[in-house]
Amino acid sequence: CALPISIITRHMKSKEAEEIGVDYYPMFDMMSFLSDLDVVIIAVPMIEFEDVVSKLPVDKLRGKLVVEVCPLNSHPKSVMLQNFGPDVDILCSNPMFGPSLSDNNESPSPVSWDGLPMIYEKVRIADMRRCDKFLSIFERERCQMVEMTAEQHDASTSDAEFVTHLTGRLLDRQLLPPTPVMSKEYAALCDVADMTAADSFDLFYGMFKYNSRAKDLLKKMRENIAKVERQLAAKEAYLAASAEMKNNDRKQLIEECKILLREVASSSNIAAKVEEKDGKPAESKITKTSQKES
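Residues numbered from 1 in each chain as written. Predicted model: local features only at pLDDT ≥ 70, side-chain atom pairs only at ≥ 80, totals over all residues. Heavy atoms only, no water.

K.L.:
What exactly am I supposed to notice about the overall build of the chain here?
P.N.:
Looking only at helices and strands, one finds 10 helices and 7 strands in the chain. Here the chain holds 294 residues, and 26% of them are scored as buried. Long-range pairs, those at least 24 residues apart, make up 69% of the contacts in the chain between residues at least 6 apart in sequence. Accessible area of the chain: about 19,900 Å², with a carbon and sulfur share of 57%. (Helix = DSSP H or I, 4+ residues; strand = E, 2+ residues; numbered from the N terminus. Buried < 20%, exposed > 50% of the residue type's maximum accessible area, 1.4 Å probe, protein only. Contact = heavy atoms within 4.5 Å. Areas by Shrake-Rupley, 256 points an atom, 1.4 Å probe, with all protein chains shown as cover.)

Pasting the structure below:
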C-alpha cells in the first residue's frame, strides 16, 4: 500500500501537494508536520542545510529516521551528527538523478529509475527494519544501490559532479540550438544542459563551496579553454602562412617561367638572324654562278 507522505516548505505548495496527493504544511506548523512522521527527508541546498537543521525541534525527531539527499554527503553528515543525539537515526544518501528526470512531464511513458545510482551510508541506525524499508523504495525501482561512506562518496564523485554541472551551465540553449538531425554527442550535450538547467544555482554553489578542489577545477577549465583557443589560433596562422608561401612560390615560378620564355625567345631571335645572315651570301653566289653558265 502507498505510504502517507507530507511536505513542508517555505514556498506555498498547497496546490501542487494536492495534485500529487500529499499533505502540505506551512513552515510555521513544523510541530504538526513532525508529529506523525516516521521518516524525515531533508531536501534543501547544501548552503542552507546547517541553518535548516539547527532550527528543527530536536525533541520531535527522537525515534525517527532523518535522511539527507545532498549531492555531497560529508558536510550534511557532520552537521547532523553535531545536532542530533543518539536517539535519532541518520541516513546519508545521494539519489543521482534530479528534478530534470522526475519532473519530465513531456515524456509519454512513465519515468524509469532503472539502473540509476542510489548512494547511501547508514551513519547511525537503531531501527534497521525501518531503514531497509525506506531503501527498498529505490530497490523496487531497480536503482543501482551503492553503499559507501560519505567521505568515500565525496572523494569519488564530487569532482565529476561539479564538472558536469559546470559544463551544463556553460552550454546554454543559445550554444545548443535544436536541430532536425543531431549526433549522439550533440544529444548528450543537450541532455547535460537540460539536466543542469532544472537544478538551482544554490545546489551548484554548494558543490563549489564544499569541494576543496572546485577552484582548481575551475582554473583547469579556464586553462583548457585558453589552450584550445591557442591551438585554433596557431592552426589558423599556420594555414595562412602556408597559403602565403604557396602564393609566393607560385609568383616566383611564374616569374622564372617568364624569364625562361624571354630567354628562349631571345635565343630564337638570335638563331633566326644568324641563319638570315648566313643564307644571303650563299644565295648571291649561286645566282652569279648561274649567270656565268648561261
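K.L.:
Help me understand helix H4 (residues 74-83), please; the structure alone is not making it clear to me.
P.N.:
Helical geometry: 3.6 residues make up each α-helical turn, so side chains three or four residues apart lie on a common side. Looking only at H4, the buried set comprises His 75, Pro 76, Lys 77, Val 79 and Met 80. Buried residues in H4 make contact with helix H3 (46-54), strand E4 (65-68), strand E5 (89-95), strand E6 (117-124) and helix H7 (150-170).

K.L.:
What is the right way to read the packing of H3 against helix H9 (residues 201-209) from this model?
P.N.:
Helix packing geometry: the angle between the two helix axes and the distance between the axes. Interaxial distance between H3 and H9 falls to 7 Å at its minimum, and their mutual angle equals 90°. As far as their axial angle goes, H9 and H3 are roughly perpendicular. Residue-level inspection shows Met 46, Ile 47 and Glu 48 of H3 in contact with H9, the latter providing Asp 202, Tyr 205, Gly 206, Met 207 and Lys 209. For the contact of H3 with H9, the per-class residue count stands at 4 nonpolar, 1 polar and 3 charged. (Axes fitted to C-alpha atoms, helices over the stretch in contact; angles between N-to-C directions. Parallel < 35°, antiparallel > 145°, perpendicular 65-115°, else oblique. Nonpolar A, V, L, I, M, F, W, Y, C, P; charged D, E, K, R; others polar.)

K.L.:
How should the sheet that holds strand E7 (residues 144-147) be read in this particular structure?
P.N.:
Within a sheet, adjacent strands bond to each other through the backbone by hydrogen bonds, running parallel or antiparallel. Strand order in the open sheet formed by 5 strands is E3-E4-E5-E6-E7, with mixed pairing between adjacent strands. A strand with exactly one partner marks an edge of an open sheet, and here the two such strands are strand E3 (39-42) and E7. In this sheet, adjacent strand axes meet at a mean angle of 25° when their direction is disregarded. Note that E4 and E5 share 4 bridges and pair parallel. Along E5, the bridge assignment pairs Glu 68 with Cys 92. Here helix H6 (residues 128-140) sits on the sheet and contacts E3, E4, E5, E6 and E7; the angle it forms with E6, its principal contact strand, is near 170°. (Pairing = 2+ DSSP bridges.)

K.L.:
Is there a simple way to think about unusual backbone geometry in this case?
P.N.:
Glycine aside, residues mostly have negative phi, and peptide bonds are mostly found in the trans state. Within the chain, Arg 142 stands out as a residue other than glycine whose phi angle is a positive 65°. Relative accessible area serves as the criterion here: at 58%, Arg 142 is assigned to the exposed category.

K.L.:
Please clarify how the state of the cysteines should be interpreted in this entry.
P.N.:
What is meant by a disulfide is a covalent connection between two cysteines, made through their sulfur atoms. Within the structure shown, the criterion is met by 0 disulfides. Considering cysteine sulfurs only, Cys 70 is the nearest to Cys 92, which forms no disulfide, with 8.6 Å between them. Residue class for Cys 92 comes out buried when judged on its relative accessible area of 1%. (Disulfide = S-S within 2.5 Å.)

K.L.:
Help me understand the pairing of E5, please; the structure alone is not making it clear to me.
P.N.:
In regular strands, side chains alternate between the two faces of the sheet. Counting buried positions over the 7 residues of E5 gives 7, a clear majority of the element. The alternating pattern of E5 places Asp 89, Leu 91, Ser 93 and Pro 95 on one face and Ile 90, Cys 92 and Asn 94 on the opposite face, and all of these are buried. Of the crossover connections in this fold, the one passing from E4 over H4 to the parallel E5 is right-handed. Of the strand pairs in this sheet, E5 and E6 are connected by 6 bridges, and their pairing is antiparallel. Of the residues in E6, the one forming a bridge with Ser 93 is Tyr 120. (Right-handed = clockwise from strand over helix to strand, strands pointing away.)

K.L.:
Mind showing me how you'd approach the nonpolar core here?
P.N.:
With 21 residues, the main nonpolar core has Leu 34, Phe 49, Leu 61, Val 66, Met 80 and Phe 84 as its most contacted residues. The set of elements that each furnish at least two residues to this core consists of helix H2 (30-35), E3, H3, H4 and E5. If we skip the residues at most four places from it in the chain, Phe 49 touches Ile 42, Val 44, Glu 68, Cys 70, Pro 76, Val 79 and Met 80. Core analysis: the second largest hydrophobic core is formed by 12 residues, Leu 91, Phe 97, Cys 131 and Phe 134 among them. (Core = buried A, V, L, I, M, F, W, Y, C linked by side-chain atoms within 4.5 Å.)

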